[in-house]
Amino acid sequence: QIDDDFRLTYARLWTALMLADVNGIENSCRDLGVKKMYPLLAAMLTSRPFDEILERSKSGILDGQTSEQSMGDRAMIRGYAQRFLKEIIIMLDTVPRQMLLLLKMNDCLRHVAFALGSSPSSSMVIAGDYASRAIFNEERKQNYGILSQANNFLTYMKVFLRIRAYDAWSSFFR
């Protein structure tokens, strides 16, 4: 079972990943017990090099990869996995046990999506969508002022519109 504090921290992490908000990623990872290795956790969750997240934070684009870039990313991630095996094991020992369950589920969903011929980033988009909804709903429950509620709505819409634009873009180029 996943407790609410972990669920919200995980949702904040995914929302930060979708927005390519490096400070949000670092803070969420720290809340999960991962301090210096936050780029590694982000790369493991998204199956993308952390450099791409940094690039997206500058460009504001959710994903614009060609299949050649995707193949290059896979090779780069395999190389990182071999190079940082010790750090990966240490990090997996540090994160809450609930995170291990979600990492395994994430991996299984990615394999199912691949087997069905879906976009490699579809599981990332779905996770980001549900994460942003969870944060939006949780923040709505809190009795903050009108400015806080407006900011919450704008953050949700930013993620929502990015996801919808990506869906339209990826459907058009399939």
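Scoring rules and cut-offs
Residues numbered from 1 in each chain as written. Predicted model: local features only at pLDDT ≥ 70, side-chain atom pairs only at ≥ 80, totals over all residues. Heavy atoms only, no water. Phe/Tyr/Trp six-rings, centres within 6.5 Å; stacked < 30°, edge-to-face > 60°. Helix = DSSP H or I, 4+ residues; strand = E, 2+ residues; numbered from the N terminus. Buried < 20%, exposed > 50% of the residue type's maximum accessible area, 1.4 Å probe, protein only. Lys NZ or Arg CZ within 6 Å of the ring centre and 35° of its normal. Contact = heavy atoms within 4.5 Å. Core = buried A, V, L, I, M, F, W, Y, C linked by side-chain atoms within 4.5 Å. pLDDT = per-residue confidence, 0-100. Salt bridge = Lys/Arg side-chain N within 4 Å of Asp/Glu carboxyl O.

**Q** Quick question: what am I supposed to make of the packing of aromatic side chains here?
**A** The relative placement of two aromatic rings is captured by the distance of their centres and the angle of their planes. Within the structure shown, the criterion is met by six aromatic pairs. Geometrically, the ring pair formed by phenylalanine 6 and tyrosine 10 is stacked, given 6.0 Å between the ring centres and 15° between the ring planes. On the criterion of helical spacing, the pair formed by phenylalanine 6 and tyrosine 10 is a turn pair, its members being four residues apart in helix α1 (residues 4-19). By relative accessible area, which is 5% here, phenylalanine 6 ends up buried. Taken together through their ring pairs, the aromatic side chains of Phe136, Phe153, Tyr156 and Phe160 make up a single cluster. Here arginine 133 stacks its cationic end above the ring of tyrosine 130, 4.8 Å away from the centre of that ring.

**Q** Explanation requested: the environment of serine 123 in the structure shown.
**A** Counting through the fold element by element, serine 123 comes out in helix α8 (residues 122-141). On the basis of relative accessible area, serine 123 is assigned to the buried category, the value being 11%. Once the C-alpha coordinates of serine 123 and leucine 109 are considered, the two residues, 14 residues apart in sequence, prove to be 6.7 Å apart. Residues in contact with serine 123, not counting those within four places in the same chain, are Asn106 and Arg110.

**Q** Help me out: how do you make sense of the nonpolar core in this one?
**A** Note on soluble globular proteins: their nonpolar side chains tend to be buried together. Of all hydrophobic cores here, the largest spans 36 residues; its most connected members are Leu13, Leu17, Ile25, Leu41, Leu45 and Met99. Contributing elements (two or more residues each) for this core: α1, α2 (22-31), α3 (38-46), α4 (50-59), α6 (85-94), α7 (97-115), α8 and α9 (146-172). In this view, leucine 13 contacts Ile25, Ser28, Cys29, Leu32, Leu41, Leu45 and Met99; residues no more than four positions away in its chain are not counted.

**Q** Help me out: how do you make sense of the confidence of the model for the protein in this one?
**A** Low pLDDT marks stretches whose predicted atomic positions should not be read closely. Here the protein averages 82 in pLDDT, while 84% of its residues score no lower than 70. At the low end of the mean pLDDT range in the protein sits helix α5 (residues 67-83), at 67; at the high end sits α2, at 95.

**Q** So what exactly am I meant to see when it comes to the pattern of salt bridges here?
**A** Any two side chains of opposite charge can pair, on the condition that their charged atoms come close. What the rule picks out here adds up to eight salt bridges. Two residues, aspartate 4 and arginine 7, come together in a salt bridge whose shortest N-O distance is 3.1 Å. Of this pair, aspartate 4 and arginine 7 both sit in helix α1, three residues apart, which is roughly one turn of the helix. The exposure class of aspartate 4 is partly exposed, given its relative accessible area of 47%. The salt bridge partner of aspartate 129 is arginine 133, with a shortest N-O separation of 3.0 Å. Of this pair, aspartate 129 and arginine 133 both sit in helix α8, four residues apart, which is roughly one turn of the helix. Judged by its relative accessible area of 8%, aspartate 129 is buried. Judged by its relative accessible area of 31%, arginine 133 is partly exposed.

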